[in-house]
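Reading the structure
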Amino acid sequence: RGFADFFPLAKAEFQDRVEVITMSEFIKLEGGENGQLPVPEKNRTVITKVAEYCDKKKRMDNYCGILNNHLASVGYAPEISSASNCVVFDKNAYNGKNVTNANKAAVKSFCGKQKIVYWDKTLQDPTLLHFKAGEKETRLQAHFY
């Protein structure tokens, strides 16, 4: 499962608002010699192959972990989990100002017992922000039934 299983990435309505490229396109664009996140020559073949298609089974040559480890090593991978964190986008917090009391109350009501993580420049500034969403501890969505 990936983002496309939860979000309408292929729909024109989504693509009109957000440019979407495949992982393979991303690695070719940004992982090349002139890219922002060059893939070391010794890893280029395997990373390029795994970016085309990866398997979640560790014993496979195209194991997704190879690519995920690469992305985590060249980017910033925050330890954020939907099971324990509640990510909040607040203009004041982002700009280093105090969150208003009204917003604090709304956030507390929405987030409940989860640890509140305000989206700030630490999360905004990296060239690559890599969410380790395939790992149980850091998956992005929690399912409620």
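The rules behind these values
Residues numbered from 1 in each chain as written. Predicted model: local features only at pLDDT ≥ 70, side-chain atom pairs only at ≥ 80, totals over all residues. Heavy atoms only, no water. Helix = DSSP H or I, 4+ residues; strand = E, 2+ residues; numbered from the N terminus. Buried < 20%, exposed > 50% of the residue type's maximum accessible area, 1.4 Å probe, protein only. Contact = heavy atoms within 4.5 Å. Areas by Shrake-Rupley, 256 points an atom, 1.4 Å probe, with all protein chains shown as cover. Lys, Arg positive; Asp, Glu negative; His and termini not counted. Charge placed at Lys NZ, Arg CZ, Asp CG, Glu CD. Disulfide = S-S within 2.5 Å. Phe/Tyr/Trp six-rings, centres within 6.5 Å; stacked < 30°, edge-to-face > 60°. Salt bridge = Lys/Arg side-chain N within 4 Å of Asp/Glu carboxyl O. Axes fitted to C-alpha atoms, helices over the stretch in contact; angles between N-to-C directions. Parallel < 35°, antiparallel > 145°, perpendicular 65-115°, else oblique. Left-handed = near helix turned anticlockwise from the far one by under 90°. Core = buried A, V, L, I, M, F, W, Y, C linked by side-chain atoms within 4.5 Å.

If you tally the helices and strands in the protein chain, you get 8 helices and 2 strands. Secondary structure elements in the protein chain, listed N-terminal to C-terminal, are α-α-α-α-α-β-α-α-β-α. By principal-axis analysis of the C-alpha atoms, the protein chain measures approximately 50 × 40 × 30 Å. Counting every position in the protein chain, which comprises 145 residues, the buried fraction comes to 26%. Residue pairs at least 24 apart in sequence account for 55% of intrachain contacts in the protein chain once pairs closer than 6 positions are excluded. A total accessible area of about 10,800 Å² is found for the protein chain, and carbon and sulfur atoms account for 52% of it. Treating the 21 positive side-chain charges of the protein chain as one cloud and the 17 negative ones as another, the clouds have centres 9 Å apart.

The next subject is the environment of Ile-66. Within the secondary structure layout, Ile-66 lies in helix 5 (residues 64-74). Along the backbone, Ile-66 and Ile-116 are 50 residues apart, and their C-alpha atoms lie at a distance of 31 Å. Setting aside anything within four residues of it in sequence, one finds Ile-66 in contact with Val-46, Ile-47, Val-50 and Asp-61.

Overall, the coordinates contain 2 disulfides when judged by the stated rule. Two residues share a disulfide in this structure: Cys-86 and Cys-111, whose sulfurs sit 2.0 Å from each other. One disulfide, between Cys-86 and Cys-111, carries an S-S torsion of -60 degrees and so falls in the left-handed class. A residue pair is termed long-range when its members are at least 10 positions apart, and Cys-86 in strand 1 (residues 85-88) and Cys-111 in helix 7 (residues 101-111) qualify at 25 residues. For the residue pair Cys-86 and Cys-111, the accessibility class agrees, reading buried in each case. Here the bonded cysteines of the protein chain are numbered in sequence order, and their pairing is 1-2, 3-4.

The description of an aromatic ring pair rests on the distance of the ring centres and on the angle between the ring planes. The full count for this structure, using the stated rule, is 2 aromatic pairs. Taking 6.5 Å as the distance between ring centres and 35 degrees as the angle between the ring planes, the aromatic pair formed by Trp-119 and Phe-131 counts as tilted. Of the two residues, Trp-119 sits in the loop between strand 2 (115-118) and helix 8 (121-124) while Phe-131 sits in the segment after helix 8, which places them 12 residues apart along the sequence. For Trp-119, a relative accessible area of 13% translates into the label buried. Site record: aromatic cluster; members linked through ring pairs are Phe-89, Trp-119 and Phe-131.

In this section: the pattern of salt bridges. Across all of its chains, the model carries 2 salt bridges by this definition. Of the charged contacts, one joins Arg-44 and Glu-41 as a salt bridge, the two residues approaching to 3.3 Å between their closest N and O atoms. One end of the pair, Arg-44, and the other, Glu-41, are both in helix 4 (residues 41-52), 3 residues apart, so they sit about a helical turn from each other. What makes Glu-41 exposed here is its relative accessible area of 58%.

This brings us to the packing of helix 4 against helix 5. At a closest axis distance of 9 Å, the pairing of helix 4 and helix 5 adopts a crossing angle of 115 degrees. One finds that helix 4 runs roughly perpendicular with respect to helix 5. Handedness of the helix 4/helix 5 crossing: left-handed. Along its contact with helix 4, which presents Val-46, Ile-47, Val-50 and Ala-51, the element helix 5 presents Cys-64, Ile-66, Leu-67 and His-70.

In summary, soluble globular proteins display a tendency toward joint burial of nonpolar side chains. Membership of the largest hydrophobic core is limited to 9 residues, which are Ile-27, Leu-37, Val-39, Ile-47, Val-50, Ala-51, Leu-67, Leu-71 and Leu-128. Of all the elements, helix 4 adds the most residues to this core, at 3 residues. Those residues within four positions of Val-39 in sequence are excluded, and the remaining contacts are Ile-27, Gly-31, Arg-44, Ile-47 and His-70.

Its location among the elements puts Ser-24 in helix 3 (residues 23-30). Apart from residues no more than four positions distant in its own chain, Ser-24 is found in contact with Ala-51 and Glu-52.

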